[in-house]
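# Structural characterization, general
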Amino acid sequence: MKKFKQLLAYITSRNLVADEQLSCFITDCEITLSGKAVQSGSIVAAYIHYQAVYEIERFSGDANRVLTHFSSWLYNNDQSDTEEELEKASFDIEPVDDHLVDIMATVDFSESIELQEQAGGEFQFGDKFYNLVPNEFSIAETFEIVGDIANG
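Note that the structure is a prediction, hence the values are computed from the model and not measured.

## Section: helix 2 (residues 63-77)
- Counted at 1.5 Å a residue, the expected span for helix 2 with its 15 residues is 21 Å, and the 21 Å between its end C-alpha atoms agrees.
- Listing the buried residues of helix 2 in full gives Ala-63, Val-66, Leu-67, His-69, Phe-70, Trp-73 and Leu-74. For helix 2, the angular spread of the buried residues around the axis is 155 degrees, confining them to a single face. Helix 2 presents Asn-64, Tyr-75 and Asn-76 as exposed residues on the side facing more than 90 degrees away from its buried surface.
- Close packing links the buried residues of helix 2 with helix 1 (2-13), strand 2 (42-59), strand 3 (89-95) and strand 4 (101-117).
- Two to three positions downstream of the cap, the backbone nitrogen of Asn-64 sits 3.0 Å from a side-chain oxygen, assigning the N-cap of helix 2 to Asp-62.

This is the structure we're talking about:
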């Protein structure tokens, strides 16, 4: 569920709300089996379709700013693996009082689960074994630079 994690990372990186104001979860998850060959030794095992729900509680800023961040991320990052159009998103804004609102963003995502053929792999499809293709999205929590750095 790469897209769920990527959108969450984007929203938190914008510093729109405190961590304790943001909660998120996945619902309505469906899997469509595939087995479609996509590259040499690679297959799409399945397509996963799910709703990602992001809730922001007691937001005191401009709700349009939050909605625009969601919209711009979806526009720039969410071409479905199975379709060429953007995924469906809905937003619900509920007033808490005169100065605060609760925002709920719900996004329908579809993405593929890809496997790479590997002897002794974790998953068996037919008479072949496969491992998951690593996610394209990762965040380094620490790193080390080895060698000299020249100022130039």
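Continuing now.
## Describing the pairing of strand 3
- Relative to strand 4, strand 3 runs antiparallel, the two being bridged by seven bridges. The residue of strand 4 that forms the bridge with Asp-92 is Met-104.
- Hairpin remark: strand 3 followed by strand 4, antiparallel, with five residues in the connecting loop.

## Some words on the pairing of strand 2
- With respect to burial, strand 2 is a largely interior element, 13 of its 18 residues being buried.
- Of the pairings in the sheet, the one linking strand 1 (residues 22-39) to strand 2 comprises 13 bridges and is antiparallel in character. Residue Ala-37 lies in a different strand from strand 2, and its bridge partner there is Ile-43.
- With antiparallel pairing between neighbouring strands as the criterion, strand 1 and strand 2 make up a hairpin whose turn holds two residues, including Gly-41 at a positive phi of roughly 80 degrees.
- Alignment of strand 2 against strand 4, held across 15 bridges, turns out to be antiparallel. Each bridged residue has a counterpart across the sheet, and for Ala-52 the counterpart in strand 4 is Val-107.

## Here we look at the nonpolar core
- Membership of the largest hydrophobic core comes to 24 residues, with the highest contact counts inside it found for Leu-7, Tyr-54, Ile-103 and Phe-109.
- Those elements that place two or more of their residues in this core are helix 1, strand 2, helix 2 and strand 4.

## Let's talk about helix 1
- An ideal rise of 1.5 Å per residue puts 16 Å on twelve residues; helix 1 measures up with 16 Å between its terminal C-alpha atoms.
- Those residues of helix 1 that fall on the buried side of the exposure criterion are Lys-3, Phe-4, Leu-7, Tyr-10 and Ile-11. Looking straight down helix 1, one finds that the buried residues subtend no more than 135 degrees of arc, so they occupy a single side.
- Against strand 1, strand 2, helix 2 and strand 4 lie the buried residues of helix 1.
- After helix 1 finishes, the residue Asn-15 shows a positive phi value of roughly 55 degrees.

## Digging into the confidence of the model for the chain
- This prediction gives the chain a mean pLDDT of 83; 82% of its residues lie at or above 70.
- Across the chain, the element-wise mean pLDDT spans from 88 in strand 5 (residues 123-125) up to 93 in strand 2.
- The low-confidence segment residues 137-152, where pLDDT is below 50, has four contacts with residues more than four positions distant or belonging to other chains.

## What to know about unusual backbone geometry
- Phi is positive for Asn-15, which is not a glycine, with a value near 55 degrees.
- Structurally, the position occupied by Asn-15 is in the loop between helix 1 and strand 1.
- Its relative accessible area of 65% is what places Asn-15 among the exposed residues.
- Here Arg-58, not a glycine, exhibits a phi torsion of approximately 55 degrees, which is positive.
- By the element assignment, Arg-58 lies in strand 2.

About the criteria used
- Residues numbered from 1 in each chain as written.
- Predicted model: local features only at pLDDT ≥ 70, side-chain atom pairs only at ≥ 80, totals over all residues.
- Heavy atoms only, no water.
- Helix = DSSP H or I, 4+ residues; strand = E, 2+ residues; numbered from the N terminus.
- Expected span 1.5 Å × (residues − 1).
- Buried < 20%, exposed > 50% of the residue type's maximum accessible area, 1.4 Å probe, protein only.
- Arc of directions from axis to C-beta.
- Contact = heavy atoms within 4.5 Å.
- Polar contact = N/O pair within 3.5 Å; in protein donor to acceptor, adjacent residues only side chain to side chain.
- Pairing = 2+ DSSP bridges.
- Core = buried A, V, L, I, M, F, W, Y, C linked by side-chain atoms within 4.5 Å.
- pLDDT = per-residue confidence, 0-100.

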